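Fold and geometry: a report
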Amino acid sequence: MPSPTKLEGDVTSIHLTPTELSTKQLSSHNLQWAVEALHRDGLVVLENAISPDHLDKLNARMIPEAKYLYAQKNTHHNFGTGTGNIQQEPPQEVEYIFPDVIANPFATEIISCMLGPKPQLRFLSANTAFKVGNDEGRRQPAHVDVEFDFPKGIPFGFCVNVTLVDADERNGATEVWPGSHLSSVTPDLGIVDPATDGVRADLLEKRRAERPPVQLGVKKGALVIRDFRLWHAGMPNHTDEPRVMLVMVLFPKWYRSTLEMVLPESVKGKIDWGDVEPCVKWVKNGEDYLKGAHDHDFALLP
């Protein structure tokens, strides 16, 4: 059994075997390595988990929509307009909803080992990075997605990130801080700098000395599973082509949340969710999905 490879920053990357791809089930070795990586580093890469053809089809649809959104004044920008990073919702027609993207069986298998059976999929969206002005776009501050009182000492949520094209430092591959999920504390303990909404500078420098961040490059067809507590940052896109990254967020069954994905009734019963429990608000067909909603509350309810 081959060992996993290591990317920048000693991040674990697993290449799925033909047997795994045909059975849609990980070997015990790859499953072990993925779980070890998530506990130790807070993230793991599955190199060839998604059909490139599915990603090409999504990219062909989403890039024109991204350009339309970027031109609108009311489009939500993540950390301000200077980052060139907008929030974008993926297409909602059934022909654009692929099980290996929205509910990837390998990601589900790994996350089920971390959170328990039937993890709940409560969030589906995307962020898209554009080149800003004369390539002077600014980066996001390193931040954590959990600015609330979250469960202590255990993993309680994971993001699955999928870029529709190769991602690297040229087009805004995400900066990650391996192992930082074990250092995350709640805002009342002072991790967040209110001036930036990012992690405090002194904490960043301390962490940098222990294990520096990396801008994680991945190939089309890969997915990244990221612990919800991991420090990370969106980075500038230096190319002329927008870069779309899908994001799915999964929580365990015990996690008290009312967050729901929004999908049209026309796709109800037509999606193979596998071992994921989808939490969906079904809406009438024809609603403007592109406008999205950007006040999502990931907090654990009392």
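The shown structure was predicted, so the numbers you read here are calculated from the model rather than taken from an experiment. (Residues numbered from 1 in each chain as written. Predicted model: local features only at pLDDT ≥ 70, side-chain atom pairs only at ≥ 80, totals over all residues. Heavy atoms only, no water.)

1. Focus on the sheet that holds strand S7 (residues 175-176)
What the three strands build is an open sheet, ordered S10-S7-S12; its pairing is antiparallel. A single partner strand is all that each edge strand has here, and the edge strands are strand S10 (214-215) and strand S12 (232-233). Two strands pair when backbone bridges link them, and S7 and S10 are joined in this way by two bridges, in the antiparallel orientation. If you follow Val176 over to S10, its bridge partner there is Val214. (Pairing = 2+ DSSP bridges. Helix = DSSP H or I, 4+ residues; strand = E, 2+ residues; numbered from the N terminus.)

2. Considerations on the pattern of salt bridges
Oppositely charged side chains are able to pair whenever their charged atoms sit close together. Applying the stated criterion across every chain yields a total of 15 salt bridges. Note that Arg208 is salt-bridged to Glu205, the shortest N-O span being 3.4 Å. Note that Arg208 and Glu205 are positioned in helix H6 (residues 201-210) at a spacing of three residues, about one turn of the helix. With a relative accessible area of 45%, Glu205 lands in the partly exposed category. (Salt bridge = Lys/Arg side-chain N within 4 Å of Asp/Glu carboxyl O. Buried < 20%, exposed > 50% of the residue type's maximum accessible area, 1.4 Å probe, protein only.)

3. A few points about the nonpolar core
Core analysis: the biggest nonpolar cluster contains 49 residues, and Leu223, Ile225 and Leu246 have the highest contact counts within it. When sequence neighbours within four positions are dropped, the list of residues in contact with Leu246 reads Leu58, Met62, Pro90, Val101, Ser125, Ala126, Val160, Asn161, Val162 and Leu164. Counting residues in hydrophobic clusters, the runner-up holds 21 residues, among them Phe148, Phe150, Cys159 and Tyr255. (Core = buried A, V, L, I, M, F, W, Y, C linked by side-chain atoms within 4.5 Å. Contact = heavy atoms within 4.5 Å.)

4. Here's the deal with the side chain of Glu175
Among the structural elements, Glu175 can be located in strand S7. Exposure remark for Glu175: the relative accessible area of 8% places this residue in the buried category. Among the polar contacts listed, one links the side chain of Glu175 to the side chain of Arg139, at a separation of 2.8 Å. A polar side-chain atom of Glu175 sits 2.9 Å from a polar atom in the side chain of Trp177. Once residues within four sequence positions are removed from consideration, Glu175 is found in contact with Arg139, Ala142, Pro213, Val214, Gln215, Trp231, His232, Ala233 and Met235. (Polar contact = N/O pair within 3.5 Å; in protein donor to acceptor, adjacent residues only side chain to side chain.)

5. A short note on the pairing of strand S4 (residues 85-88)
Of the two faces of S4, both are covered, the one formed by Asn85 and Gln87 as well as the one formed by Ile86 and Gln88. Relative to strand S5 (residues 120-129), S4 runs antiparallel, the two sharing four bridges. What sits directly across from Gln88, in S5, is Ala126.

6. Describing the packing of aromatic side chains
In total, this model carries 11 aromatic pairs according to the counting rule given. Plain terms: the ring middles of Trp177 and Trp231 are 6.0 Å apart, the flat faces sit at 55 degrees to each other, and that makes the pair tilted. Taken as a pair, Trp177 in the loop between S7 and strand S8 (192-193) and Trp231 in the loop between strand S11 (223-227) and S12 lie far apart in primary sequence, 54 residues in all. For Trp231, a relative accessible area of 2% gives the class buried. Measuring from ring centre to ring centre gives 4.3 Å for Phe251 and Tyr255, while their planes differ by 5 degrees; the resulting arrangement is stacked. The class of Tyr255 is buried, set by a relative accessible area of 2%. Of the aromatic side chains, those joined through ring pairs into one cluster are Phe123, Phe150, Phe156, Phe228, Phe251, Trp254, Tyr255 and Phe298. (Phe/Tyr/Trp six-rings, centres within 6.5 Å; stacked < 30°, edge-to-face > 60°.)

7. Description of helix H3 (residues 52-70)
Between the first and last C-alpha of H3 there are 25 Å, a value that for 19 residues agrees with the 27 Å anticipated at 1.5 Å per step. When the local axis directions of H3 are compared, the greatest deviation, roughly 25 degrees, occurs at Met62, which is followed within four positions by the proline Pro64. Within H3 the residues assigned to the buried category are Leu55, Leu58, Asn59, Arg61, Met62, Ile63, Glu65, Ala66 and Leu69. Buried residues in H3 make contact with S4, helix H4 (99-102), S5, strand S6 (158-163) and strand S13 (243-251). (Expected span 1.5 Å × (residues − 1). Bend = angle between axes of the 7 residues up to and from the residue.)

8. Some words on the environment of Val214
Within the secondary structure, Val214 is located in strand S10. Here the alpha-carbon distance between Val214 and Val244, two residues 30 residues apart in the chain, equals 20 Å. Residue contacts for Val214: discarding those within four places in its chain leaves Glu8, Gly9, Val11, Thr174, Glu175, Val176 and Pro178.

9. Describing the side chain of Asn30
Within the secondary structure layout, Asn30 lies in helix H2 (residues 28-40). Taking relative accessible area as the criterion, Asn30 reaches 4% and is therefore assigned buried. Every residue in contact with Asn30, bar those within four places of it in the chain, is listed here: Ile14, His15 and Glu20.

10. Notes on the environment of Leu58
Counting through the fold element by element, Leu58 comes out in helix H3. Discounting chain neighbours no more than four positions away, the residues touching Leu58 are Pro91, Tyr96, Phe98, Val101, Leu164 and Leu246.

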